[in-house]
Amino acid sequence: MKVVKRYFWVIIFVLFSTGSLLLGFEPGELIYRNFTQFLLELVAFLPLMFLLVGLFDVWVPKEAIEKHIGGRSGFAGAFWVILLAMLQAGPLYAAFPVAYLLSKKGASVRNIFIYIGAFSCLKLPLLTFEVSFLGWRFMLLRSLFTLPLFIVIGLIMERVLGQGYKVKAG
Amino acid sequence: MALLILFTVVCLAVSLVVDQRKTMTGVKRGLDMFLNVLPALLAILALVSVALYLVPEPLIIEFLGRRSGVLGVLIAAAVGAIALIPPFIAFPLANILHSKGVSYSVVAVFVTSLIMVGFVTLPLEIRYFGKKAALLRNALSLIAAIIIGGLIGLFL
């Protein structure tokens, strides 16, 4: 019963899609096709991401994270989170569990949001895509302008939320 | 993608060799977190699929294509914030927009808002970050997107 309740909307959607496919209801079929595309992306990235987050959780000591990207880490800390974000792939929501873990292990509030910013704007798979469709100049300029802006966002977030702020497990 | 798989497999293998029990704890923790957000995530994806159907690409192109200036920038920011379009569709779309005469600064606002601001994924973001932080991050990112558009407009 609990499962039914948790997956209520998903079940409704599955029924709607199945019905649409059976009856040939075209809008339903198109929506279903959109959904499978998103689902593929989810299936491709998230289980691996969570697996890594779980392993990271048991292996990486809190002291290490605190030291390198904690409250007193300064520019080096920002550099590390940006590098980490750039090497990743996937939709923005894949960054949330990582942010939770970084927060749990003692990363500063500023660095958590710098990480989110870098993940959304500067990850390498995204940049390669951007170059091929909009060109080098556009990609470089956008990245150049984005970088200081999400660092400022990180600073504002820390100021507003306070240093004791923690990301939840979701 | 292949790199991510390889990296995960290597990490898992090394972890298993060093300490099996610790590895199992880690895998279980990851799995628990995954299963915990899965229902919310699937529901949001369903919602996004409906939204994408109601506002298809041609409509977005037409919508952004006819406008320029400040209004164009604001509309681009709003559409980018609401839509959840993966990059493999978003960048080709941005390319089409530009070839239809939409300025680089509007394209930049659209792309930046699209990747930084997530209106439909907000419920998910709130689960992790809380309401205040999630709303603030999205609002600030929206402002950033508009600033970036302005700056790009000065150079391209």
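Residues numbered from 1 in each chain as written. Chains lettered and ligands numbered in written order. Predicted model: local features only at pLDDT ≥ 70, side-chain atom pairs only at ≥ 80, totals over all residues. Heavy atoms only, no water.

*Asks:* Whenever I open this one, the overall build of chain B confuses me. Can you help?
*Replies:* Scanning chain B from terminus to terminus reveals eight helices and zero strands. Ordering the α and β elements of chain B from the N terminus gives α-α-α-α-α-α-α-α. Whereas a compact globule of 156 residues would reach a radius of gyration of roughly 15 Å, chain B reaches 20 Å, over 25% beyond that. In terms of overall dimensions, chain B has C-alpha extents of about 60 × 30 × 30 Å along its principal axes. Residues counted as buried form 47% of the 156 residues belonging to chain B. Counted over contacts in chain B with a minimum sequence separation of 6, partners at least 24 positions apart contribute 70%. In the form shown here, chain B has an accessible surface area of approximately 7,300 Å², with 75% of it arising from carbon and sulfur atoms. (Helix = DSSP H or I, 4+ residues; strand = E, 2+ residues; numbered from the N terminus. Rg over C-alpha atoms; globule rule 2.2 N^0.38 Å. Buried < 20%, exposed > 50% of the residue type's maximum accessible area, 1.4 Å probe, protein only. Contact = heavy atoms within 4.5 Å. Areas by Shrake-Rupley, 256 points an atom, 1.4 Å probe, with all protein chains shown as cover.)

*Asks:* What is the right way to read the nonpolar core from this model?
*Replies:* A general feature of soluble globular proteins is that nonpolar side chains tend to end up buried together. In terms of nonpolar packing, the biggest core is built from 99 residues, with A:Leu46, A:Phe113, A:Tyr115, B:Ile85, B:Phe110 and B:Phe129 touching the most fellow members. If one sorts the elements of this core by residue count, helix α2 (residues 20-54) of chain B sits on top with twelve residues. Not counting residues up to four positions away in its chain, the partners in contact with B:Ile85 are B:Leu52, B:Ile60, B:Ala90, B:Leu93 and B:Leu114. Grouped together as the second largest cluster of nonpolar side chains are five residues, A:Phe45, A:Leu48, A:Ala89 and B:Leu4 included. (Core = buried A, V, L, I, M, F, W, Y, C linked by side-chain atoms within 4.5 Å.)

*Asks:* What exactly am I supposed to notice about helix α9 (residues 136-161) of chain A here?
*Replies:* Since one α-helical turn is 3.6 residues long, residues separated by three or four positions face the same way. In this model α9(A) runs 37 Å from its N-terminal to its C-terminal C-alpha over 26 residues, within 8% of the 38 Å that 1.5 Å per residue would give. Directly after α9(A), the chain includes A:Gly162, whose backbone phi takes a positive value near 85°. (Expected span 1.5 Å × (residues − 1).)

*Asks:* Help me out: how do you make sense of the interface of chain A and chain B in this one?
*Replies:* The accessible area lost on association of the parts is a frequent measure of interface size. Listed per partner, the contact involves 64 residues of chain A and 71 residues of chain B. Across the interface of chain A and chain B, roughly 6,500 Å² is buried in total on both sides, 82% from carbon and sulfur atoms. On inspection of chain A and its partner chain B, the count reaches one salt bridge. Between B:Arg29 and A:Asp57 there is a salt bridge, and its shortest N-O distance comes to 3.0 Å. At the surface where chain A touches chain B, the tally comes to nine residue pairs in polar contact (both at pLDDT 80 or more). (Buried area = accessible area lost by both parts, 1.4 Å probe. Salt bridge = Lys/Arg side-chain N within 4 Å of Asp/Glu carboxyl O. Polar contact = N/O pair within 3.5 Å; in protein donor to acceptor, adjacent residues only side chain to side chain.)

*Asks:* I'm lost on the domain arrangement of chain B in this one. Help?
*Replies:* Residue and element names in this part refer to chain B. When its domains are assigned, chain B resolves into domain 1 (1-54) and domain 2 (55-156). Measuring from the centre of the C-alpha atoms in domain 1 to the corresponding centre in domain 2 gives 28 Å. Between domain 1 and domain 2 the total buried area reaches about 920 Å² when both faces are included, carbon and sulfur atoms providing 69% of it. Considering only the side of domain 1, the residues that lose the most area to domain 2 are Ile44, Val48 and Leu52, jointly responsible for 47% of the buried surface there. Applying the counting rule to domain 1 against domain 2 returns zero salt bridges. Counting the contacts that link domain 1 with domain 2 gives one residue pair in polar contact (both at pLDDT 80 or more). The residue inventory of the side of domain 1 that touches domain 2, partitioned by class, reads ten nonpolar, one polar and no charged. (Domains from an automatic or database assignment. Nonpolar A, V, L, I, M, F, W, Y, C, P; charged D, E, K, R; others polar.)

*Asks:* Explanation requested: the packing of helix α3 (residues 26-59) of chain A against α2(B) in the structure shown.
*Replies:* Packed helix pairs are specified by the crossing angle of their axes together with the interaxial distance, meaning the distance between the axes. α2(B) packs onto α3(A) with a crossing angle of 160° between their chain directions and a minimal axis gap of 7 Å. In terms of their interaxial angle, α3(A) and α2(B) are classed as roughly antiparallel. For the element pair α3(A) and α2(B), the recorded crossing hand is right-handed. Taken together, the residues of the contact of α3(A) with α2(B) break down into 28 nonpolar, seven polar and three charged. (Axes fitted to C-alpha atoms, helices over the stretch in contact; angles between N-to-C directions. Parallel < 35°, antiparallel > 145°, perpendicular 65-115°, else oblique. Left-handed = near helix turned anticlockwise from the far one by under 90°.)

*Asks:* Just to check I follow, could you spell out the environment of B:Leu12 for this structure?
*Replies:* Looking at the element boundaries, B:Leu12 is found in helix α1 (residues 2-18). Leaving out residues up to four positions away in the same chain, B:Leu12 has contacts with A:Leu51, A:Leu55, B:Thr23 and B:Val27.

*Asks:* Looking at this structure, how should I read a nonpolar patch on the surface?
*Replies:* Together, A:Trp59, B:Leu6, B:Val10, B:Val14, B:Val17 and B:Val18 make up an exposed nonpolar region whose accessible area comes to about 590 Å². With five residues, the single largest contributor to the nonpolar patch is α1(B). Position of B:Val17 among the secondary structure elements: in helix α1. (Patch = residues over 30% accessible without salt bridge, like charges linked within 9 Å, V, L, I, M, F, W, Y side chains within 5 Å.)

*Asks:* What's the story with the pattern of salt bridges in this structure? I'm lost.
*Replies:* Working definition: two side chains of opposite charge can pair if their charged atoms are close together. Residue and element names in this part refer to chain B. According to the stated counting rule, one finds seven salt bridges over all chains in the structure shown. A salt bridge links Lys28 to Asp32, with the shortest nitrogen-to-oxygen separation between them at 2.9 Å. Placement of both Lys28 and Asp32 in helix α2 is noted, with a separation of four residues, approximately one turn of the helix.

*Asks:* Can you walk me through the environment of A:Glu41 in this structure?
*Replies:* Tracing the backbone through its elements, the reader meets A:Glu41 in helix α3. Classification of A:Glu41 as buried rests on a relative accessible area of 13%. In this structure the C-alpha to C-alpha distance between A:Glu41 and A:Thr146, which are 105 residues apart in sequence, comes to 25 Å. With near-sequence residues (within four places) excluded, A:Glu41 lies in contact with A:Pro91, A:Tyr93, B:Pro86 and B:Phe88.

*Asks:* Quick question: what am I supposed to make of the domain arrangement of chain A here?
*Replies:* Residue and element names in this part refer to chain A. Taken domain by domain, chain A holds domain 1 (1-46) and domain 2 (60-170). Between the C-alpha centres of domain 1 and domain 2 the distance comes to 32 Å. With four residues of domain 1 at the interface, the matching set in domain 2 holds five residues. Seen at the junction of domain 1 and domain 2, the total is zero salt bridges. Applying the counting rule to domain 1 against domain 2 returns zero residue pairs in polar contact (both at pLDDT 80 or more). The class makeup of the residues in the side of domain 1 that touches domain 2 is three nonpolar, no polar and one charged.

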